[in-house]
Amino acid sequence: MASESINQLHFLLIPLLAPGHTIPIIDIAKLLAQQPNVTVTIVTTPLNAIRYSPTLQEHINAGLPVRFLELPFPAAEAGLPEGCESADALPGLHLLPNFSVAVDMLQQRLEQRFDSLEPRPSCILSDKFMLWTADTAIKYQIPRIVFDGMSCFKQVCTHHLYASKVLDGLPDSEPFLLPGLPHQIEITRAQLPPEFNPSPFASPDHLERVRETESKSYGMVINSFEELEQEYVNELKKLKAGKVWCLGPLSLSNNDLGKSLRGNSTSIDEQHCLNWLDSQKPKSVIYSCFGSSSQVTPQQLIELGLGLEASKHPFIWVIRAGDKAKEINTWLSDNEFEERTKDRGIIIRDWAPQLLILSHPSVGAFLTHCGWNSILEGVSAGVPFLTWPQFAEQFLNEKLVVEVLRIGVSVGAEVIVNWGEEEKFGVTVKSEQVKKAIEKMMDDGVEGSERRKRVGLLRNAANKAIQDGGSSYRNLTLLIQDLRELAKIKSQ
Ligand code: UDP
């Protein structure tokens, strides 16, 4: 094989079809495509290509070798309404099993196109939940690198929880120390991710398959940076024979245009939002957003809104209420909430330009559900957190933010509210708790200013990590070198 073609790497990037998983993979695509002799193909479906192409267009126009491969999505065949090509477009979570069936059918559609891809793909980089990509990688004898949309801290916690017997016979609400960590962190089983705490949409068999395919993968790309969680990065590298590459914070790969075009068209006039932020005092605004998939009930949203109001601080409140939107809108208008708070609050219904908002100097705190992308985006902007985890690994993210990094204040949620079972859990956080946490966060005393100082230092470290010579920049180079060496060995 000519040395030129060994040098040429072609990454097939295969994201899970949900915004919190696709957005960071698109950012990875941009990073990779800027490297010499690297071609990137993002495998997705027609509607997702339309949704995410604005953020990539600039790079395509600049002649970078990055493109979408659109595989028709078998919605009807899987019993889904037309147009449901992303988890957040499903009319109800009862359709998630159908969605998984449709996602699995993409394997055959990709394999039918595989041999026509130029240059021949040298590597699959796929979301860890895209299980079939493991078989495709074996079939075409190329390495599969897993993108794990979570932190190294979460990976290490999970490893030790599997390895220890600490959960045997332990009641759900009894606090225990997370085993094997360099920090002393207490948690309860009711706060753990679905691997250890059953959830209706994560079957144990499926999770076991994720674990098994992940353990057989060539390596792992993580949206994090070494300076953020160095001890945990080191530990994870030991567990994965060194094949761990932290490339983040991925959101920092965006310029201003990329920041505003990320993931969806926004539900507010951006200029109006920025003008409003310009009119507020520095570090005074609470930005509240619970990501792309949390389904907070109207009753719980009301408590959140009342807490924001009672805090007397200016706020931007993002409300994604899905099929409950009518209910919450009725409450907002019947109670004249917007009228009462119009001088110091903005409500964004559905999708906010999160990166633009977080990078505005008026934002003083981020009230978050602790999705990992949101955490990194807040860190990158130097904004401290009010933490209100909902499900998945979000309580572990809260522990990292509040107890390890000490850049957050918890509102005091105690149990995971399972995705799809929100009504069953009712109200788990009262408005008074929200108000108190905001007051603690916004206090000008020593604790508050130390917290701000720490998150400011992390922001600087994050921005340095992605620059030439920084840790994430170096990891990107190392990842590419590693794959080139592998290709060379295979060709001998
Ligand atoms: N996001 C956004 N506007 C919104 C909601 C979410 O831009 O109104 C973006 C956010 O910036 C982040 C992603 O969507 O990149 C959400 O990912 P995260 O891991 O925080 O949460 P998830 O949606 O996966 O629960």
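Our subject is the structure listed above.
Quick look at the structure, then.

**What about the site of the ligand?**
- Around the ligand sit 18 residues in total, of which Ser292, Ala352, Asn373, Ser374 and Glu377 are the nearest.
- In this structure, His369 approaches the ligand through a side-chain N or O atom, which is 2.9 Å from an oxygen atom.
- A total of 540 Å² of accessible area belongs to the ligand in isolation, and the protein chains cover 94% of it.
- Those elements that provide at least two residues to the shell around the ligand are helix H2 (19-33) and helix H15 (372-381).

**Overview of the nonpolar core**
- By size, the foremost hydrophobic cluster in this structure holds 64 residues, and its most contacted members are Trp317 and Leu367.
- Among the secondary structure elements, those contributing two or more residues to this core are strand E1 (9-14), helix H4 (96-114), helix H5 (132-139), helix H11 (298-311), strand E11 (315-319), helix H12 (325-334), strand E13 (363-368) and helix H18 (431-442).
- The biggest single contributor to this core is H4, with seven residues.
- Counting only domains with at least three residues in this core, you end up with domain 1 (2-180 + 201-248 + 466-491) and domain 2 (267-461).
- Counting 60 residues, the second largest nonpolar core, distinct from the first, contains Val156, Val244, Ile346 and Phe385.

**Structural notes on the packing of aromatic side chains**
- Tallying each qualifying case throughout the model produces eleven aromatic pairs.
- On the basis of an interplanar angle of 85 degrees and a centroid distance of 4.9 Å, the ring pair of Phe153 and Tyr232 is categorised as edge-to-face. One end of the pair, Phe153, is in helix H6 (residues 152-163); the other, Tyr232, is in helix H8 (residues 230-239), with 79 residues separating them in the sequence. Like Tyr232, Phe153 is buried.

**Thoughts on helix H10 (residues 270-278)**
- Inspection of H10 places Glu270, Cys273, Leu274, Trp276 and Leu277 among the buried residues, and these make up the whole buried set. Here the buried residues of H10 occupy an arc of 160 degrees about the axis, which is enough to place them on one side.

What counts and what doesn't
- Residues numbered from 1 in each chain as written.
- Predicted model: local features only at pLDDT ≥ 70, side-chain atom pairs only at ≥ 80, totals over all residues.
- Heavy atoms only, no water.
- Near = heavy atom within 4 Å.
- Polar contact = N/O pair within 3.5 Å; in protein donor to acceptor, adjacent residues only side chain to side chain.
- Areas by Shrake-Rupley, 256 points an atom, 1.4 Å probe, with all protein chains shown as cover.
- Helix = DSSP H or I, 4+ residues; strand = E, 2+ residues; numbered from the N terminus.
- Core = buried A, V, L, I, M, F, W, Y, C linked by side-chain atoms within 4.5 Å.
- Buried < 20%, exposed > 50% of the residue type's maximum accessible area, 1.4 Å probe, protein only.
- Domains from an automatic or database assignment.
- Phe/Tyr/Trp six-rings, centres within 6.5 Å; stacked < 30°, edge-to-face > 60°.
- Arc of directions from axis to C-beta.

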